[in-house]
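Reading the structure
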Amino acid sequence: MMASATAEAMDVVDTAWLRTDNAVNQMVILGVWMLRPRISHAVLCQRLSDKLLKYKRFRQRVVQGTLSSDWEIDPGFDIHRHVVVEKLKRRRGQTDRQALQERASELASAPFDHAHPLWQFHLVEHCDGGSALLCRVHHCIGDGVALSTVMMSITDDGPTPPEHPRGTASPSTDWLSLASLQTVAEWGAKSLAQLQHPGQLLSDAAGLLKKGQQAVSDAAALALMPDDSPTRLKGRSAGLKRVAWCEPLALDRVKAVGYALGCSVNDVLVACVAGAIGRYLQDQGDDPTGKDIRAMVPVNLRPLDQPPWELGNRFGLAPLLMPIGIDNPVERVYEVRRRMAELKDNYQPLLAYGVLALAGLLIKPGQDALMGLFQAKTTAIVTNVRGPDTPLRLCGAEVYEVVFWVPTAGDIGLGVSIMSYAGAVQFGLRTDEALCAEPQAVIDQFVAEFDKLTLLTLMLPWEGRQGKGKSSQA
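Residues numbered from 1 in each chain as written. Predicted model: local features only at pLDDT ≥ 70, side-chain atom pairs only at ≥ 80, totals over all residues. Heavy atoms only, no water.

1. Observations concerning the overall build of the chain
The helix and strand inventory of the chain stands at 13 helices and 16 strands. Out of the 474 residues in the chain, the part that is buried amounts to 52%. Sequence separation of 24 or more characterises 79% of the internal contacts of the chain that already satisfy a separation of 6 or more. (Helix = DSSP H or I, 4+ residues; strand = E, 2+ residues; numbered from the N terminus. Buried < 20%, exposed > 50% of the residue type's maximum accessible area, 1.4 Å probe, protein only. Contact = heavy atoms within 4.5 Å.)

Shown next as structure tokens:
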């Protein structure tokens, strides 16, 4: 398939995510919106035609070449190809939610048809007393920040999409070079001005040297990451995916525990994830004592002046060692807090973004070899998305529950998604069947670990709690 004369070059980082698809892992971001009362297929198609299609990426297909890829308008675009009606196939004794979970698992494994735009919505008109909307979008279209904004814009009270939105920001090669030129220009102008103030110039030079040393140190740490701990969650992926999610957990409870312990909401939630994985391994007969597993945590790198609706991928990855081998929940959350603090002031996310940009410039075998070096040392992807504080409405129905699943690359078999929405937080887990056939067995431990942490926090003497009186916002 050759690109048309009006084709747009794809960003090199987006190209890297496009080509990360393989036989066992599709780069498909998958989400579920639970709606009540039910909505119809015709009404949903009209809403998406009015709002979603204003973002031209959702009308464009991908033309893939050996070294680069392009976006072009799909001449045969049909909204009904991308918005389809589903009817749940319930086995004997299954609830709607169990059947929905099985269907979501199937869709997590299914590739897109690259002859058309890489997205699809599956509407289950009758599900759990309302409707369920399964949303699939390829990662090359955008990251979580951009797609969250797009999804907000299709809701009843969501922001109006811009009349002529750009599909994406400038290609990352241009973005990086322009940013570099701007930085050099600003530094040059500042240096000329400071020649009149030698003392200030020396101080700034010392600060620049310190940042340079930090960057070199972080680059070395990223390149020389030791192998991950061997567990049953690390190995060769088979390709069949399984997804699960838990019941909503009140966000106020999480904030209260974080406040009492002087930790952020994110510290508490990640510590519960680590505890749940450790407990699952223990239940499977493994001993996680003293072990860590490496998780890659997405970090938003969007410039402050770049509108979030500009699609594309603008995030780096920070490697976090999750202390699955610490059994005490309070000790574990403090260790997570310490490790998260160490990640805040380093350059590893930006360096990882640079690796992705480089991968997008290589032919696919070269990209696979480069990214494989990092994937081999990683067990999980852990991402946290903050949604709106009040419930959304879609086509007159309340969106009473929102869950999503992050895709995993290479042989990474564990994707953990944390979603806060309308005063509650939910965990979603996506696994490869060969590495964890029953993700619900892990998910069920998340809330149990939080309950243990809450109980121990209540038992601590107030004077002994760390961070008394400090804010615990994420």
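2. Regarding helix α10 (residues 329-344)
Each α-helix turn comprises 3.6 residues. Residues three or four places apart therefore point the same way. Between its first and last C-alpha, α10 extends 23 Å over 16 residues, near the 22 Å set by a 1.5 Å rise per residue. Among all positions in α10, only P329, V330, R332, V333, Y334, E335, V336, R339, M340 and L343 are buried. The residue sitting at the N-terminus of α10 and contributing the capping side-chain oxygen is N328; that oxygen lies 2.9 Å from the backbone nitrogen of V330. (Expected span 1.5 Å × (residues − 1). Polar contact = N/O pair within 3.5 Å; in protein donor to acceptor, adjacent residues only side chain to side chain.)

3. So, the sheet that holds strand β7 (residues 130-138)
Reading across from one edge, β5-β6-β7-β2-β14-β13 is the order of the 6 strands in this open sheet, with mixed pairing throughout. Two strands in the sheet have a free side with no partner beyond their single neighbour: β5 (83-86) and β13 (392-394). In this sheet, adjacent strand axes meet at a mean angle of 30 degrees when their direction is disregarded. Along the sheet face, helix α2 (residues 41-50) touches β5, β6 (119-127), β7 and β13 and points at about 160 degrees away from the line of β5. (Pairing = 2+ DSSP bridges. Axes fitted to C-alpha atoms, helices over the stretch in contact; angles between N-to-C directions.)

4. So, the sheet that holds strand β1 (residues 8-9)
The strands making up a sheet are joined through hydrogen bonds of the backbone, oriented either antiparallel or parallel. What the 3 strands build is an open sheet, ordered β1-β4-β3; its pairing is antiparallel. Where the open sheet ends on each side, the last strands, each with one partner, are β1 and β3 (60-64).

5. Some points on the pairing of β5
Judged from the 4 bridges that link them, β5 and β6 form a sheet pairing that is parallel. Its bridge partner lying in β6, V85 is registered against L123. With helix α4 (residues 96-109) bridging β5 and its parallel neighbour β6, the resulting β-α-β unit is right-handed. (Right-handed = clockwise from strand over helix to strand, strands pointing away.)

6. So, the packing of aromatic side chains
Both the distance between ring centres and the angle between the ring planes are used here to describe each pair of aromatic rings. Going through the model one piece at a time under the given rule, you end up with 5 aromatic pairs. Aromatic pair F58 and W119: ring centres 5.7 Å apart, planes at 70 degrees, arrangement edge-to-face. Residue F58 is found in the loop between α2 and β3, and its partner W119 is found in strand β6; the two are separated by 61 residues along the sequence. Considered together, F58 and W119 belong to a single accessibility category, that of buried residues. Each residue in the set F58, W119 and F121 is aromatic and connected to the rest through ring pairs, giving one cluster. Sitting over the face of the ring of Y400, R36 holds its NZ or CZ atom 4.0 Å from the ring centroid. A cation over a ring is seen here: R136 above F112, with NZ or CZ 4.3 Å from the ring centre. (Phe/Tyr/Trp six-rings, centres within 6.5 Å; stacked < 30°, edge-to-face > 60°. Lys NZ or Arg CZ within 6 Å of the ring centre and 35° of its normal.)

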